[in-house]
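# Coordinate inspection notes
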Amino acid sequence: AQSVTQLDSQVPVFEEAPVELRCNYSSSVSVYLFWYVQYPNQGLQLLLKYLSGSTLVKGINGFEAEFNKSQTSFHLRKPSVHISDTAEYFCALKAAGNKLTFGGGTRVLVKP
Amino acid sequence: EAEVAQSPRYKITEKSQAVAFWCDPISGHATLYWYRQILGQGPELLVQFQDESVVDDSQLPKDRFSAERLKGVDSTLKIQPAELGDSAMYLCASSRIRGGTSETQYFGPGTRLLVL
């Protein structure tokens, strides 16, 4: 069985400050990892994905994530957030032959 | 840029009524997914199609939910009868490659259902 745990349900952050969203996963086989963003009343948009190779993955809108196999983590970071980054962020994983499994989400609220 | 289309965007219905949601995936995408997202949670897969065939409907409550993709293009998800607990966002997604584990899923805007 595979699972994803997002350790923070809400993260308030001031504009232009850095943010880190934590994601831990559990799987007995190799996985692919994803971060999606969901703006209010919209569908999910892919921010970035880790398939193989470099453990530091860069995505859209200035986000990056680091895959750490020993710690089974895939934390998302942005060095300086904007008001427009206010949204819900979902970590997800997929293993061969299995469905895409999502974490519970982290709601980011950027304050001016 | 091609997008996944869904309609309606919002639906309010009374319990025991029937509701239907429609999804048109990105052109050429072989795989289509329906997810249910309860408020405050991540999406959960209801059903996955490969062309017109169902490949995973293990989480679909088959006593009241049905899904079809007759010509392997657009798809309809139906609930009959609707129950209060069905209130959620219903998301459709599609991906290009058949059975591709690493293939990105592209999501539509969703249909928000409220059952009264």
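Residues numbered from 1 in each chain as written. Chains lettered and ligands numbered in written order. Predicted model: local features only at pLDDT ≥ 70, side-chain atom pairs only at ≥ 80, totals over all residues. Heavy atoms only, no water.

When helices and strands are tallied, chain A shows zero helices and twelve strands. Order of helices (α) and strands (β) in chain A, N terminus to C terminus: β-β-β-β-β-β-β-β-β-β-β-β. A compact globule built from 112 residues would reach a C-alpha radius of gyration of about 13 Å, and chain A, at 13 Å, matches this within 12%. The dimensions of chain A, computed from C-alpha atoms along their principal axes, are 45 × 30 × 20 Å. For chain A, the residues scored as buried account for 46% of the 112 residues in total. Residue pairs in contact within chain A that sit at least 24 positions apart in sequence constitute 55% of those at least 6 positions apart. Looking at chain A as shown, the accessible area adds up to about 5,500 Å², and 51% of this sits on carbon and sulfur atoms. (Helix = DSSP H or I, 4+ residues; strand = E, 2+ residues; numbered from the N terminus. Rg over C-alpha atoms; globule rule 2.2 N^0.38 Å. Buried < 20%, exposed > 50% of the residue type's maximum accessible area, 1.4 Å probe, protein only. Contact = heavy atoms within 4.5 Å. Areas by Shrake-Rupley, 256 points an atom, 1.4 Å probe, with all protein chains shown as cover.)

Take the environment of E20 of chain A next. All names here are of chain A. With respect to the helices and strands, E20 occurs in strand β3 (residues 19-21). In sequence terms E20 and G62 are 42 residues apart; their C-alpha atoms lie 13 Å from each other. Setting aside residues up to four positions removed in sequence, E20 forms contacts with H75, L76 and R77.

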